[in-house]
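Summary of structural features
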Amino acid sequence: MKLIQNLLFALLLIVPLSAAKAGDKDIVDTAVGAGSFNTLVAAVQAAGLVETLKGEGPFTVFAPTDEAFAKLPAGTVENLLKPENKDQLVAVLTYHVVPGKVMSSDIAGKKAEVASVQGSEISVDATDGVKVDDANVVTADVEASNGVIHVIDAVILPN
């Protein structure tokens, strides 16, 4: 029985995030369910943005994985999560969000500067794969009930 449980757990870990039925969960619940966005979810909670990202939207979220956050200099995440740095954390997180639902097919073959919720523009280059500033989109078009998530391999920072 334990072997079957372990096999089922392993299967859940390797099923792609995009295999989830589109529209069943909002952006936050989709990120939580994926299991690879623990740092992002903790940051969203610390910034007080959970209710916003559970809102009607639609939103496009460029979501860094836990591995992306691990690439930041040592202590960066811990420093951002301190209550006295909440404004800076909110700025970093809202820079990863674009109003509206932008699917990869909407930008395929194009370059654009898009306004983030934070206010700064994000450079998007979809002419050879998709780059968002200096991050690569590694999984695109993870649909949620209130928008879409594009998984990125680095944390992007506003100027």
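Please refer to the structure higher up on the page.
Report follows, based on the coordinates. (Residues numbered from 1 in each chain as written. Predicted model: local features only at pLDDT ≥ 70, side-chain atom pairs only at ≥ 80, totals over all residues. Heavy atoms only, no water.)

**What to know about the pattern of salt bridges**
Within this structure, the stated rule accounts for three salt bridges. Among the ionic pairs, D29 bridges to K54, the shortest N-O distance being 3.0 Å. One end of the pair, D29, is in helix α2 (residues 27–34); the other, K54, is in the loop between α4 (50–53) and β1 (59–64), with 25 residues separating them in the sequence. Given a relative accessible area of 30%, K54 falls into the partly exposed group. E143 is paired through a salt bridge with K101; the nearest N and O atoms lie 2.8 Å apart. Residue E143 is located in strand β6 (residues 135–144), and its partner K101 is located in the loop between β2 (97–99) and α8 (104–107); the two are separated by 42 residues in the primary sequence. The structure contains a network of salt bridges with shared partners spanning D26, D29 and K54. (Salt bridge = Lys/Arg side-chain N within 4 Å of Asp/Glu carboxyl O. Helix = DSSP H or I, 4+ residues; strand = E, 2+ residues; numbered from the N terminus. Buried < 20%, exposed > 50% of the residue type's maximum accessible area, 1.4 Å probe, protein only.)

**Quick word on the environment of V98**
When you line up the elements, V98 lands in strand β2. In this structure the C-alpha to C-alpha distance between V98 and G147, which are 49 residues apart in sequence, comes to 10.0 Å. Discounting residues that sit within four places of it in the chain, V98 has contacts with F59, T60, F62, V114, A115, V117 and I122. (Contact = heavy atoms within 4.5 Å.)

**Notes on the sheet that holds β2**
To summarise the sheet geometry, strands pair through backbone hydrogen bonds and adopt either a parallel or an antiparallel arrangement. Taken in spatial order, the seven strands make up an open sheet running β2-β1-β7-β6-β5-β4-β3, and their pairing is mixed. Lying at the two open borders of the sheet, with one neighbouring strand each, are β2 and β3 (111–115). As judged from the six bridges shared by β1 and strand β7 (residues 147–152), these two strands associate in the parallel manner. Looking at β7, one finds that F62 is bridged to H150. The strands that α2 touches are β1, β6 and β7; relative to β7, the one it contacts most, it runs at about 35°. (Pairing = 2+ DSSP bridges. Axes fitted to C-alpha atoms, helices over the stretch in contact; angles between N-to-C directions.)

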